[in-house]
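Residue-level structure breakdown
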Amino acid sequence: MKSYLAPLALTPSGWQKDFSFSIDGSGDLIEVGKRTEECEVIDGVVLPGMPNLHSHAFQRAMAGLTERRTAKQDSFWTWRSTMYQFLSRFTPESMRAVASQLYIEMLKQGFTSVGEFHYVHHQADGTPYDNRAELSHSIFDAAGQTGIALTHLPVLYQTGGFGDQAPNEGQRPFLNDLDRYLAIVEASSARAQGDQNKSVGVAPHSLRAVTLDNLEALHNQIPRDFPIHIHIAEQTKEVNDCLAWCGQTPVELLLRRFPVNNRWCAIHATHMTATETRGLAKSGAVAGLCPITEANLGDGVFKLRTYLKSKGAFGIGSDSNVLISMPEELRTLEYSLRLKHRKRAIATSTQDMSPGSLLYNKAVSGGAQALGRKTGSLADGFRADLIVLQPENPGLLHHGPQSLLDAMVFGCNTNPVKDVMVGGDWKIKDGRHTAEEIVLGNYREALSQLIN
Ligand SMILES: [Zn+2]
């Protein structure tokens with residue numbers, strides 16, 4: 001057992017000064033609030049670590065390569081064509097190298113766990129690897145090397161559009177029938193077995209990529225505690241295509257046809273009517289918001305005010321990984337709403353809680369729910385996933401409980417995170433990871449193959 005004392009910490013009952021806690025042999029918090037004689041003093045404010053509920057790791061290597069216009073009207077769909085071309089160059093080794101670099105970048109930013117929405121399963125022409133779960137193993141290797149907690153979400157991808165349309169050539173690396181897909185889920189579960197920092201869920205890609213019958217079959221065959229993540233209503237074209245096909249929007253269809261509950265995470269859910277927004281909130285599902293990527297791709301703005309009024313849960317994800325910044329995900333969410341509504345302090349409806357505080361607390365608890373991980377709370381029995389803020393960051397100086405999270409979200413020019421602990425072990429100390437040189441070297445080598 002190891003014990004710690006922090007000058008200030010964000011706990012379920014609010015801010016606490018002189019906060020002490022211990023960690024048991026399995027990496028869980030115990031004896032929270034009980035002072036012990038021998039304890040290590042933490043130099044900085046402690047917050048629960050932020051879950052990152054949505055990532056496509058390989059896309060990190062594309063950052064900066066897709067910003068130029070490639071058509072008269074550049075859009076999510078032209079970006080997707082470029083992305084399909086790019087991913088055809090990946091090997092299991094480069095997948096591992098890119099994911100490892102990405103996960104160190106996430107850890108440094110205070111993301112202690114990640115939901116890897118993993119849809120590249122095969123080689124570029126669709127030929128499976130000898131081991132069909134080869135690329136899932138690359139993701140597990142990267143999580144193991146870096147120490148980020150992983151909820152691996154293998155993706156079921158079968159069709160090219162609503163109504164069982166044939167997939168296109170670029171989608172060949174993603175395709176599996178249900179049995180082969182479930183074999184990848186099983187291999188992933190075996191890999192996660194016995195490791196408290198690894199778990200598995202399922203990710204039917206979207207209602208345009210999986211038929212309703214197969215989604216139903218999948219839902220009936222997976223363990224009851226598995227998280228279920230699905231992309232939904234990211235683009236107006238997707239909503240219109242779904243309407244044209246069945247007369248309902250994707251969110252309407254999902255909520256009517258499936259028992260959506262707190263195991264589900266609806267990624268994006270950008271284009272919803274007010275009724276759908278309230279319906280999703282009341283289902284207990286988490287909305288998986290990816291504000292930086294949604295801004296980068298020109299998706300649209302989530303109806304956060306309506307959603308929060310109905311007590312909806314949300315978390316944040318870095319999705320395309322074009323930029324890794326925990327504060328900036330929260331900032332972009334709030335700022336996009338300010339620009340849209342031409343008002344300030346949008347996330348909060350009362351004066352009791354500031355936007356930074358509300359956004360951080362909600363994203364931590366929603367993210368934990370979506371990843372199916374007992375994290376996000378500095379309380380007995382939760383995983384010891386936490387971050388320590390830099391005491392000397394100029395953006396945080398002289399900020400106490402009233403404004404600290406606002407200063408972190410809106411006012412820091414540089415990364416405010418100093419140390420990061422996952423499952424009781426320090427993974428980042430003074431902004432550094434012990435494997436960062438090796439991982440960066442492998443990443444550089446991988447990029448030389450991927451970009452030329
Ligand atoms: Zn995504």
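Just so we're clear, the structure is a prediction, and the values are computed from it rather than from any experiment.

1. Let's talk about the overall build of the protein chain
The helix and strand tally for the protein chain stands at 14 helices and 17 strands. Its C-alpha atoms give the protein chain principal-axis dimensions of about 65 × 50 × 45 Å. Out of the 452 residues belonging to the protein chain, those deemed buried represent 58%. On the protein chain, roughly 18,400 Å² of surface is accessible, and the fraction owed to carbon and sulfur atoms is 47%. Charge centroids of the protein chain, computed over 44 positive and 48 negative side chains, lie 7 Å from each other.

2. What about the sheet that holds strand E13 (residues 286-289)?
One open sheet accounts for four strands, arranged E11-E12-E13-E14; its pairing is parallel. Only two strands of the sheet have a single neighbouring strand rather than two, namely strand E11 (228-232) and strand E14 (313-316). The average angle at which neighbouring strand axes cross in this sheet is 30 degrees, direction not considered. In the sheet, E13 pairs with E14 via four bridges, with the strands oriented parallel. In the strand pairing of E14, Ala287 is matched with Phe314.

3. Looking at the domain arrangement of the protein chain
Under the domain assignment, the protein chain is made up of domain 1 (2-46 + 386-437) and domain 2 (50-371). Centre-to-centre separation of domain 1 and domain 2, based on C-alpha positions: 28 Å. On the domain 2 side, the residues contacting the 23 residues of domain 1 number 25 residues. Each partner contributes to the roughly 2,000 Å² buried at the junction of domain 1 and domain 2, and carbon and sulfur atoms together form 64% of this total. The largest per-residue losses of area from domain 1 upon contact with domain 2 belong to Val409, Phe410 and Val422, which jointly make up 29% of the total buried on that side. Linking domain 1 with domain 2 are one salt bridge.

4. As for the coordination of the zinc ion
Only His54 (NE2), His56 (NE2), His231 (NE2) and Asp319 (OD) from the protein reach the zinc ion as donors, at distances of 2.1 to 2.6 Å. Considering all four donor atoms around the zinc ion, the spread of angles at the metal, 81 to 171 degrees, places the coordination shape in the irregular class. Sequence spacing of the donor residues for the zinc ion, all on one chain, is H-x1-H-x174-H-x87-D. Taken together, the residues span a long stretch of sequence, with His56 in the loop between strand E6 (50-55) and helix H1 (76-87) and His231 in strand E11 at a distance of 175 residues. This pair shows no difference in class: His56 is buried, exactly as His231 is.

5. Re the nonpolar core
Core analysis: the biggest nonpolar cluster contains 124 residues, and Tyr103, Leu304, Phe314 and Tyr360 have the highest contact counts within it. With eight residues, helix H2 (residues 92-108) is the largest single contributor of residues to this core. Both domain 1 (2-46 + 386-437) and domain 2 (50-371) contribute no fewer than three residues apiece to this core. Not counting residues within four places of it along the chain, the set of residues in contact with Tyr360 comprises Leu10, Leu47, Pro48, Gly49, Met50, Met326, Leu330, Ile387, Leu405 and Met408. Core analysis: the second largest hydrophobic core is formed by 14 residues, Leu29, Ile42, Ala384 and Leu386 among them.

6. Section: the environment of Val364
Checked against the element boundaries, Val364 lands in helix H12 (residues 355-371). For Val364 and Gln123, which are 241 residues apart along the polypeptide, the C-alpha to C-alpha distance reads 36 Å. Not counting residues within four places of it along the chain, the set of residues in contact with Val364 comprises Pro48, Gly49, Met50, Pro51 and Gly376.

7. Let's talk about H2
The periodicity of an α-helix, 3.6 residues per turn, causes residues three or four positions apart to be oriented the same way. The end-to-end C-alpha distance of H2, which contains 17 residues, comes to 24 Å, matching closely the 24 Å that a straight helix rising 1.5 Å per residue would cover. By the criterion of burial, H2 is predominantly enclosed, with 14 of the 17 residues buried. The first or second residue beyond H2 is Gly110, which carries a positive phi of 95 degrees.

Cut-offs and rules
Residues numbered from 1 in each chain as written. Predicted model: local features only at pLDDT ≥ 70, side-chain atom pairs only at ≥ 80, totals over all residues. Heavy atoms only, no water. Helix = DSSP H or I, 4+ residues; strand = E, 2+ residues; numbered from the N terminus. Buried < 20%, exposed > 50% of the residue type's maximum accessible area, 1.4 Å probe, protein only. Areas by Shrake-Rupley, 256 points an atom, 1.4 Å probe, with all protein chains shown as cover. Lys, Arg positive; Asp, Glu negative; His and termini not counted. Charge placed at Lys NZ, Arg CZ, Asp CG, Glu CD. Pairing = 2+ DSSP bridges. Axes fitted to C-alpha atoms, helices over the stretch in contact; angles between N-to-C directions. Domains from an automatic or database assignment. Contact = heavy atoms within 4.5 Å. Buried area = accessible area lost by both parts, 1.4 Å probe. Salt bridge = Lys/Arg side-chain N within 4 Å of Asp/Glu carboxyl O. Donors = N, O, S within 2.8 Å, 3.2 Å for Na, K, Ca; no water. Tetrahedral: all angles 85-135°; square planar, octahedral: opposite > 155°, others 65-115°. Core = buried A, V, L, I, M, F, W, Y, C linked by side-chain atoms within 4.5 Å. Expected span 1.5 Å × (residues − 1).

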